Each structure stands twice: as structure tokens, then as C-alpha cells.
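This is what each chain is made of:
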Amino acid sequence: MTRYLWTLDRKDQETRSGLSTENELIAVFNKEDLPCVMPADWLLATMKMDIDGSGLAIHESLHDPKTPWKLQLKPVA
């Protein structure tokens, strides 16, 4: 089972990070109520497609300039 190291940075909020499975990550995304974002499972699938040779995927949301956020994700064997 693949686990992911992740970091979530949001304006005016404490940075959150963890080590989670795919299902745990989806639950975290849903609970965080990230503004103006696609469904959590789509976000995770998109990020996995974006992973290059380094294994690191980054998604930055500037859709709402008042509440920007950035997610970094890296699979861990």
C-alpha cells in the first residue's frame, strides 16, 4: 500500500502535514474544505498524473485570491 507525505499550506492558517494512504488523503481533503477545488479524489488523481521523475507533485490554488492554498505530495514506498 502506497503512503504519501503531504504538506498543505494555506493563507492565515497553520501548515498541516502528514503521512497518509490514498483513502486517508481523500478524507483529509474533504475535511479541510479547500475553497474552489475539484472533488478530493479528482485532485489526488490529477496530482499523481503530474508527478515527474522526482516523485513530487505540487498543486497551487489561486482561484480565490483571499484564500490561496498549496498542496505538496510525494509517494513513499
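Below is a short write-up of the structure. (Residues numbered from 1 in each chain as written. Predicted model: local features only at pLDDT ≥ 70, side-chain atom pairs only at ≥ 80, totals over all residues. Heavy atoms only, no water.)

## Considerations on the pattern of salt bridges
As a working rule, side chains carrying opposite charge can pair if their charged atoms are close by. Using the following cut-off: Each reported salt bridge corresponds to a side-chain nitrogen of Lys or Arg within 4 Å of a carboxyl oxygen of Asp or Glu. What counts as a helix is a DSSP run of H or I of at least four residues, what counts as a strand is a run of E of at least two, and both are numbered from the N terminus. Each residue's exposure class comes from its accessible area (1.4 Å probe, protein chains only) as a fraction of the maximum for that residue type: buried when under 20%, exposed when over 50%, partly exposed otherwise.
With the rule as written, the count across this model stands at three salt bridges. For Arg3, the salt bridge goes to Glu24, with nearest N and O atoms at 3.4 Å. Remark: Glu24 occurs in helix α1 (residues 22-32) and Arg3 occurs in strand β1 (residues 3-10); sequence separation between them is 21 residues. Between Arg16 and Glu32 there is a salt bridge, with its nearest N and O atoms 1.9 Å apart. Placement of Arg16 in strand β2 (residues 16-21) and of Glu32 in helix α1 is noted, with a sequence separation of 16 residues between them. The exposure class of Arg16 is partly exposed, given its relative accessible area of 30%.

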